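Inside the fold
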Amino acid sequence: MSGTGPGTGARPARHDTGGTGPPGGTGPPGGADVAAITDDLRAFLAAATGRDELLRIPPAAALFGTAVGLDSLTGTLLLREIQRRFGVDVAGEDLNLDSLATLGTLAEFVAQRIKPGGSP
Amino acid sequence: MTRESPAGEGTVKCVVCDIDNTLLTGIYLEAGDQPPGADPVLTTVLAELGERGILHALASKNPPEAAAHTARVTGWRFAAAECGWDRKSDALARIAATLGIGVDALAFVDDDPFERAEVGFALPGVLVLSPEDAAEAPGWPEFSPPVITPEARRRAEMYAERQQRQAAERSFGGTKEEFLETVGTRVTIAAATAADVPRLHELAARTRQFNSVAGQPPATGAGPAAGMTQDWFRDLLAAGDCDVATVRLRDAFGDDGLVGACVVMREAGIWTVPLLMMSCRAMGRGAIDALLAWLVRQAARAGARRLRIPCVTNSRNVPLRLALAAAGFRVPEAAGAAGQGTARQGAAGQGPEGGEAGGGEAGGGNATSGQVPAVFERDVGTALPVLPGWVEAPGEQGGDAA
């Protein structure tokens, strides 16, 4: 089975970044994308866990901590969804998975990979 | 008869069967008030394979009632059923995802040559069989696991319990910890005994998502090994310089038995875990996290400073890496890199053989693939992890003496 390398399947985020946008992203270039991606990740986490309160977690929320409680199962589903939706292979590019520290760090990691060349 | 899949002992974990003119002696929707009965030959084959721990599932272009009828007349408990009118290859992919196994661990039985061709083309890793082929399948190596453990015989039941558990969890609403507590989760960690050896070997052969060595026997000081055979595990149990710990898991939905194990080598100041493996059935149920937390606490109690877990990283054991990250393990040289991505890829490239084949569950071959393990480690001196009250383990309150 031939693997698809990281980045080869990269495609832009599939959603409209205009209308939505609660304060999510911090302010690097491409902040609108980060905010939209943050919303997408919140929606996915809430759906995957059945916990609506995850729709309202701040970007600083630790994913592995008690707030979100990401474990190997929900984490795998989340990374699979990120790959499917954004074409970003987080596990392939981040050995230690430090990008999963918080909701915000993950959204920024994804945003940078969607737009290669975007500087942090 | 075509057998395109490379022969390997016990590579098939689940047989997915069509219903009309395959498991049934006719066509469900054309039979009116008297739906057809079970095909006697295939029913016997199902029973024989089920005894070996092979799961069964249904993929049929029929309404869901056809699956219920088929379960009734065959007397078999199907681990998954996909009824609908889309492509069978899509149905098989969903079944693999539901069961948490790879698509290439599936065999597919259908009387319709078109369906066989569609699945064979879309999913070349699937062993595709006509009903006539399937009648002979019990004699083939793909359907013959080298060992059959009590856990294997209960596998179909355990997958049914898993479906009930997942449904309960979806409607629960609280946190994961609250759910695990509510359903009476019990994790029991204990020293391995000789009676555990067949199951340890089976775990070494079958686990992929939580497996730190990708099927290759690690260096343990017990000499070179051709594979993680039962003899290899017996030697480990006899060796004085390492310990083998087992993990058992049960809850209100059922008893999953021995789901995981690890090998621990204690050296002055540093503990190393050359092998860590756990069944994917334990995923999301706190067992891997409990084992990692207990290892850290044990190492700390013994006065060690660091705990190291070498891990061959590939696209299939991302769940293990997530558990390691959640438990605070890092690859130090990678963690020290400033820029995300490129610097880390360099650090991960210690094992540049790469080209990790197959699976592709969370990506294909990539920068973190390689047969040389990355050494994940964490300090054990500070901030000891908490072990939930439902974990029973040596050295812990309520557990055996260490």
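Residues numbered from 1 in each chain as written. Chains lettered and ligands numbered in written order. Predicted model: local features only at pLDDT ≥ 70, side-chain atom pairs only at ≥ 80, totals over all residues. Heavy atoms only, no water.

1. Things to note about the overall build of chain B
A tally of helices and strands in chain B yields 15 helices and 13 strands. The buried share of chain B, taken over its 402 residues, is 55%. Counting contacts in chain B only where the partners sit at least 6 residues apart, residues at least 24 apart contribute 68% of the total. Total accessible area on chain B is roughly 16200 Å²; 53% of this is exposed by carbon and sulfur atoms. (Helix = DSSP H or I, 4+ residues; strand = E, 2+ residues; numbered from the N terminus. Buried < 20%, exposed > 50% of the residue type's maximum accessible area, 1.4 Å probe, protein only. Contact = heavy atoms within 4.5 Å. Areas by Shrake-Rupley, 256 points an atom, 1.4 Å probe, with all protein chains shown as cover.)

2. Some remarks on the environment of Ser171(B)
All names here are of chain B. Within the secondary structure layout, Ser171 lies in the loop between helix H8 (155-170) and helix H9 (176-182). Through-space distance from the C-alpha of Ser171 to that of Thr207 is 29 Å; in sequence the pair is 36 residues apart. A polar side-chain atom of Ser171 sits 3.2 Å from the main-chain carbonyl oxygen of Ala168. (Polar contact = N/O pair within 3.5 Å; in protein donor to acceptor, adjacent residues only side chain to side chain.)

3. Here's the deal with the sheet that holds strand E4 (residues 106-109) of chain B
All names here are of chain B. Spatial ordering of the open sheet is given by E3-E2-E1-E4-E5, a layout of five strands whose pairing is parallel. The sheet terminates laterally at strand E3 (80-83) and strand E5 (127-129), the two strands that pair on one side only. Neighbouring strand axes in the sheet, compared pairwise and without regard to direction, differ in orientation by 20° on average. Most of the contacts of helix H2 (residues 40-51) go to strand E2 (residues 55-60), to which it runs at about 140°, and overall it touches strand E1 (14-17), E2 and E4. (Pairing = 2+ DSSP bridges. Axes fitted to C-alpha atoms, helices over the stretch in contact; angles between N-to-C directions.)

4. With respect to the side chain of Ser212(B)
Residues and elements named next belong to chain B. Of note, Ser212 is situated in the loop between strand E7 (210-211) and helix H11 (230-238). Taking relative accessible area as the criterion, Ser212 reaches 1% and is therefore assigned buried. Within polar-contact distance, the side chain of Ser212 engages the backbone nitrogen of Leu276 at 2.9 Å. If near-sequence neighbours (up to four positions away) are discounted, Ser212 is found in contact with Pro274, Leu275, Leu276, Pro310, Cys311, Val312 and Leu320.

5. Notes on helix H5 (residues 113-122) of chain B
Residue and element names in this part refer to chain B. Those residues of H5 not exposed but buried are Glu115, Glu118 and Val119. Seen end-on, H5 carries its buried residues on one side only, within an arc spanning 90°. For H5, the exposed residues lying more than 90 degrees away from the buried face are Pro113 and Phe121. (Arc of directions from axis to C-beta.)

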